[in-house]
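# Structural characterization, general
Listed here are the chains, written in short residue letters.
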Amino acid sequence: MRITPIQTLDDVKRVYKFLTDRFTEESRESYQVPFPLADTYSGMMEQIENKQKLQLKAEKRGLLIGFIAAQDKDKNSHDVYIQCIVVRKQYLKSGVGGTLMRSMEYVLRKAGYTVAKINEYEGSNFFFMKSGFTPYLYVTCPSEEAAKNVKHHKLNRMDFVEEYEKDGKFVIKFDVLDEPVQQYKKYFMDLGDSIEASYVYEKIYLKSNSFA
């Protein structure tokens, strides 16, 4: 298996067709993280222009069997989001997803990113955790009073990590001490109107001169 970055217009066309075909299939198995195809196409074109390496493809004997993409959403931050991982159906659970993830992590660490994040997706929790990512529950509140109420009702199986304000809302981050449970999200959202909750998987990279 050969892992290489998206570098040419031909790469973009091949990957885009692969993604379109893959997401028109009836089922979406593990290692699939959903994403807008149009955004991914523009992201690949931007990568070519900027000569970045945040999108990688996996090939075996000339056949495109996998794709992974990361996105630097905040240019002033050392955080990066892994936007999607897609594996050809017949190669699922054969190690392609793990190899793509390790290859991307190598690129991210070498580029100086210190935190990689992945938004939750049903069916992929075990894969993310097996890859060393920790689930955190983010609860977004419309007011400071709602945020206080959320913290007051914190469950025993989670630890408070931090609270910050973003776009006029109050965000509380919890460390979940066991596997992420969907009922936790509902529990907090039922505390008040306009309270949102979602899991984000995160992995911290220690700064190092070695990327072996």
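Residues numbered from 1 in each chain as written. Predicted model: local features only at pLDDT ≥ 70, side-chain atom pairs only at ≥ 80, totals over all residues. Heavy atoms only, no water.

### Re the overall build of the protein
Helices and strands together make up the secondary structure of the protein, namely six helices and nine strands. Nonlocal contacts in the protein, meaning residues at least 24 apart in sequence, comprise 68% of its contacts between residues at least 6 apart. About 11900 Å² of surface is accessible on the protein, with carbon and sulfur atoms providing 48% of the total. (Helix = DSSP H or I, 4+ residues; strand = E, 2+ residues; numbered from the N terminus. Contact = heavy atoms within 4.5 Å. Areas by Shrake-Rupley, 256 points an atom, 1.4 Å probe, with all protein chains shown as cover.)

### Some remarks on helix α6 (residues 182-189)
Looking only at α6, the buried set comprises Tyr-184, Lys-185 and Phe-188. Taken down its axis, α6 places every buried residue within 100 degrees of arc, on the same side. Exposed residues on α6 whose side chains face more than 90 degrees from its buried face are Gln-183 and Lys-186. On the buried face of α6, the contacting elements are β6 (134-141), α5 (144-152), β7 (158-166), β8 (169-176) and β9 (196-204). (Buried < 20%, exposed > 50% of the residue type's maximum accessible area, 1.4 Å probe, protein only. Arc of directions from axis to C-beta.)

### Some words on the environment of Asn-125
With respect to the helices and strands, the residue Asn-125 is situated in helix α4 (residues 125-130). Between the C-alpha atom of Asn-125 and that of Tyr-201, which follows or precedes it by 76 residues, the distance is 8.6 Å. Look past the residues within four positions of Asn-125 in its chain and what remains in contact with it is Pro-180 and Tyr-201.

### Describing the packing of aromatic side chains
For the coordinates displayed, the defined rule picks out five aromatic pairs. Considering the side-chain rings of Phe-127 and Phe-128, the 6.1 Å spacing of their centres and the 55 degrees angle between planes classify their relative orientation as tilted. For Phe-127, a relative accessible area of 7% puts it in the buried group. Following the ring pairs from residue to residue traces out a cluster consisting of Phe-160, Phe-174, Tyr-187 and Phe-188. (Phe/Tyr/Trp six-rings, centres within 6.5 Å; stacked < 30°, edge-to-face > 60°.)

### Digging into the nonpolar core
Judged by nonpolar contacts, the single largest core of 42 residues is most densely connected at Leu-108, Phe-133, Leu-137 and Val-139. Here this core takes six residues from helix α3 (residues 96-110), the largest share from any one element. Excluding residues that lie within four positions of it along the chain, Phe-133 makes contacts with Ile-82, Met-101, Glu-105, Ala-116, Ile-118, Phe-128, Tyr-201, Glu-202, Lys-203 and Tyr-205. Residues Val-12, Phe-18, Met-44 and Phe-67 belong to the second largest nonpolar core, which totals twelve residues. (Core = buried A, V, L, I, M, F, W, Y, C linked by side-chain atoms within 4.5 Å.)

### Considering the side chain of Lys-57
Along the chain, the position of Lys-57 falls in strand β2 (residues 55-60). Engagement of the side chain of Lys-57 in a polar contact is seen with the side chain of Thr-4, the distance being 2.7 Å. (Polar contact = N/O pair within 3.5 Å; in protein donor to acceptor, adjacent residues only side chain to side chain.)

### Describing the pairing of strand β5 (residues 115-119)
Counting buried residues in β5 gives four out of five residues, a clear majority hidden from the surface. Judged from the three bridges that link them, strand β4 (residues 79-87) and β5 form a sheet pairing that is parallel. Paired with Tyr-81 across the bridge in β5 is Lys-117. Remark: the β4/α3/β5 crossover connection has right-handed handedness. In the sheet, β5 pairs with β9 via five bridges, with the strands oriented antiparallel. Looking at β9, one finds that Val-115 is bridged to Ile-204. (Pairing = 2+ DSSP bridges. Right-handed = clockwise from strand over helix to strand, strands pointing away.)

### Structural notes on the sheet that holds β8
Read across the sheet, nine strands follow the order β1-β2-β3-β4-β5-β9-β6-β8-β7 without closing on themselves; strand pairing throughout is mixed. A single partner strand is all that each edge strand has here, and the edge strands are β1 (2-5) and β7. For this sheet, the mean inter-axis angle between neighbouring strands, taken without regard to orientation, is 30 degrees. When β6 meets β9, the two strands line up antiparallel, connected through seven bridges. In the sheet register, Leu-137 faces β9, and the bridge partner there is Tyr-199. Along the sheet, helix α1 (residues 9-22) makes contact with β1, β2, β3 (63-71) and β4, crossing β3 at roughly 95 degrees. α6 rests against β6, β7, β8 and β9 of the sheet, and its axis sits at about 135 degrees to β9. (Axes fitted to C-alpha atoms, helices over the stretch in contact; angles between N-to-C directions.)

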